[in-house]
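Secondary and tertiary structure notes
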Amino acid sequence: MKLTGAEIIWECLIREGVDVVFGYPGGAILPTYDAMTKYPQIHHVLTRHEQGATHMADGYARASGKVGVAIATSGPGATNMVTGIATAIMDSSPIVCITGQVGSKALGTDAFQETDVTGVTLPITKHNYLVTRAGDIARVLREAFYIAKSGRPGPVLVDITKDAQQSSAEFDWDGVAPSLPGYRPNLRALPSEYERALQLLNSAKRPVILAGQGILKASATAQVLEFATAAGVPIAVTLLGIGAIPASSPLNLGMMGMHGEAWVNQAIQQADLLIALGMRFDDRVTGNLKTYAPNAKKIHVEIDPSEVNKNVHVDVALIGDLLEIITELRPRVETNARAEWWAKIAEMKGDSAVLDIQALPDNGHLYAAHVINDIWRATKDRETIVVTDVGQHQMWEAQYYRHEAPRSLITSGGLGTMGFALPAAIGAKFACPEKDVWVVVGDGGFQMTMPELATIAQEKIKINVAIINNAFLGMVRQWQEFFYDKRYAATPLLGPDFVKLADAFGLKGVRVTQRSEVTPAVLDGLAHEGTVVFDFRVEQEDSVFPMVPAGAALDKMIRRPKRDVLAETGSDKEWQMPTAKAPAATTENS
């Protein structure tokens with residue numbers, strides 16, 4: 001059948017199984033928006049910023065495992081998507097971004113709202129396209145979805161000129177199946193590599209599995225648990241790997257890395273074999289590479305060959321689908337309880353459990369650790385997705401909320417994008433409307449994308465927004481405290497009254513200042529039919545412990561001082577909103 005390019009876009013999305021798109025209209029994409037009225041099967045969510053649209057598509061993809069779709073116009077609309085696209089590429093999220101472009105005859109003339117968005121996004125997309133003919137749209141979109149979700153997932157951008165949207169062409173879905181001979185996403189490990197990996201594992205005395213997000217992408221939780229149980233291997237998880245292994249599993253040691261548990265990092269450093277499953281040896285995980293796991297052989301199971309030996313040299317690389325590789329290895333693994341190694345780990349753990357929130361007494365002040373742990377206690381028996389922003393609250397959530405299910409934590413890991421949480425949670429809610437969705441966000445990151453509260457109000461969806469409000473850019477302030485002699489330059493943060501802000505959008509706002517108020521407020525919020533914005537006014541100069549300083553060895557951690565917590569955090573001071581002008585770095589302010 002003959003259709004306009006704009007109609008072909010929607011026909012393709014329907015055939016790809018898309019039921020919701022996130023976008024913002026404009027002149028160069030207007031033909032596509034006009035054609036949208038003919039396709040009520042697809043729900044369009046009007047965002048308040050194009051960055052929000054990409055984060056929503058990202059959150060949708062992470063929660064559902066499907067491809068998320070974001071739409072924007074040319075020029076500033078397209079460039080506003082850049083941060084969201086970069087977030088998706090770093091965390092391997094499959095999204096397709098469709099942007100309008102000026103007419104093909106105007107390309108290169110600096111026409112109104114013209115930007116070379118394919119050039120801009122070339123380093124941060126898995127692939128991108130500029131389409132100037134209506135007849136190419138179906139083929140390109142089929143390829144875009146295939147590329148986005150195959151192999152190591154990632155974002156693909158399709159830039160379509162306005163005249164390509166307006167002109168007509170024959171639509172032949174079956175005749176344009178993806179044919180990409182140079183694209184090889186389905187690699188296979190060699191038999192000799194399997195043999196070498198099995199030799200290393202079966203002879204190891206102190207092995208540790210490093211569980212990354214690749215387990216979630218491969219839907220391999222059950223298989224990894226079976227493999228680790230048979231081999232008697234403890235499991236450490238990355239930030240993005242949280243949820244891949246249930247927190248209650250006796251095999252799960254906890255999170256590794258800069259703000260991971262002390263005994264986990266020590267176990268890695270003392271290991272004689274590391275088995276990295278779908279993780280990329282990020283610098284926040286390894287610490288100083290020169291001192292990283294110095295006595296350990298390393299096996300890397302990875303779908304993306306470019307990640308192998310990029311940061312850490314490995315002894316065996318098993319390239320391919322993680323589920324297939326673990327399934328192949330499992331029957332050939334020698335059963336081994338490794339009692340001595342587990343006893344050594346128990347000894348290292350000892351009484352150093354930094355997650356013991358009793359170290360933060362209920363002394364009339366509200367600690368973020370208490371807030372997040374109480375939210376977990378109130379929601380642990382419900383189907384819940386937590387979406388975090390970036391900063392101290394992100395690390396406290398990773399430490400104090402115990403995730404049992406895959407895809408129950410969504411966070412910006414690689415890029416560390418402030419402003420990610422609120423829009424990504426909207427996407428997650430559309431992906432899983434039957435689940436509770438919680439936003440855990442700092443007052444700094446929240447203010448970056450808080451206009452998306454209007455999107456929530458317009459769509460009439462329910463999300464619970466927990467603002468961990470310390471009136472600082474908290475993680476930057478912590479670095480200033482530890483490494484810059486408490487010179488709090490540009491980190492005291494003036495914010496609005498978040499309760500009044502919620503009310504302005506027609507949402508419910510709740511302020512919490514005492515530990516005793518947390519659980520009742522959370523339960524009341526869960527019972528409320530609409531979105532609730534919680535302003536948790538937490539201790540202002542608390543820090544995340546432990547912490548591996550940048551460039552230090554993984555086991556050289558700064559730990560919470562054992563002296564009185566009040567003396568360490570300044571908790572005897574009243575919570576105060578900073579003035580608009582940041583205070584000077586004086587003893588009183590520090």
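Residues numbered from 1 in each chain as written. Predicted model: local features only at pLDDT ≥ 70, side-chain atom pairs only at ≥ 80, totals over all residues. Heavy atoms only, no water.

**Looking at the overall build of the protein chain**
Scanning the protein chain from N- to C-terminus turns up 24 helices and 20 strands. Taken over C-alpha atoms, the radius of gyration comes to 25 Å for the protein chain, in line with the 25 Å a tight globule of 590 residues would show. In terms of overall dimensions, the protein chain has C-alpha extents of about 75 × 65 × 45 Å along its principal axes. Taking all 590 residues of the protein chain together, the buried fraction comes to 59%. Restricting the contact set of the protein chain to residue pairs at least 6 apart, pairs at least 24 apart contribute 77%. A total of about 23,100 Å² of accessible surface is found on the protein chain, and carbon and sulfur atoms cover 52% of it. (Helix = DSSP H or I, 4+ residues; strand = E, 2+ residues; numbered from the N terminus. Rg over C-alpha atoms; globule rule 2.2 N^0.38 Å. Buried < 20%, exposed > 50% of the residue type's maximum accessible area, 1.4 Å probe, protein only. Contact = heavy atoms within 4.5 Å. Areas by Shrake-Rupley, 256 points an atom, 1.4 Å probe, with all protein chains shown as cover.)

**So, the environment of Ile426**
If you trace the backbone, Ile426 turns up in helix H18 (residues 421-431). Residue classification places Ile426 among the buried positions, given a relative accessible area of 0%. Separated by 296 residues in sequence, Ile426 and Leu130 place their C-alpha atoms 29 Å apart. Here Ile426 is in contact with Met56, Glu452, Thr455, Ile456, Ile461 and Ile463, once residues within four sequence places are set aside.

**Notes on the sheet that holds strand S4 (residues 68-72)**
As a general point, the strands of a sheet are linked pairwise by backbone hydrogen bonds and lie either parallel or antiparallel. Pairing is parallel in the open sheet, where six strands are placed in the order S3-S2-S4-S5-S7-S6. Where the open sheet ends on each side, the last strands, each with one partner, are strand S3 (43-46) and strand S6 (127-131). Pairs of neighbouring strands in the sheet enclose a mean axial angle of 20°, with direction left out of account. (Pairing = 2+ DSSP bridges. Axes fitted to C-alpha atoms, helices over the stretch in contact; angles between N-to-C directions.)

**Some remarks on the pattern of salt bridges**
According to the stated counting rule, one finds 24 salt bridges in the structure shown. Lys38 is the salt-bridge partner of Glu7, the closest N and O atoms lying 2.4 Å from each other. Of this pair, Glu7 sits in helix H1 (residues 5-15) while Lys38 sits in the loop between helix H2 (30-36) and S3, and the two are 31 residues apart along the sequence. Residue class for Glu7 comes out buried when judged on its relative accessible area of 11%. Classification of Lys38 by relative accessible area gives exposed; the value is 53%. Via salt bridges that share partners, Arg152, Asp304, Glu307 and Lys310 belong to a single interconnected network. (Salt bridge = Lys/Arg side-chain N within 4 Å of Asp/Glu carboxyl O.)

**Some words on empty space enclosed by the protein**
Empty space among the atoms becomes visible once a probe the size of a water molecule is rolled across them. The full count for this structure, using the stated rule, is two cavities of 30 Å³ or more. The calculated volume of the largest cavity comes to roughly 100 Å³. If you trace the largest cavity, you find it lined by Arg62, Gln213, Leu216, Lys217, Leu240, Arg407, Leu409, Ile410 and Thr411. Within the residue set of the lining of the largest cavity, elements represented by two or more residues are helix H10 (214-217) and strand S16 (409-410). Looking at the lining of the largest cavity, its residues break down into four nonpolar, two polar and three charged. Empty space within the second largest cavity amounts to approximately 40 Å³. (1 Å grid on protein atoms, 1.4 Å probe; cavity = no way out; pocket = protein on both sides within 12 Å on 5 of 7 lines; lining within 4 Å. Points joined across faces, edges and corners; volume = space filled by probe spheres on them. Nonpolar A, V, L, I, M, F, W, Y, C, P; charged D, E, K, R; others polar.)

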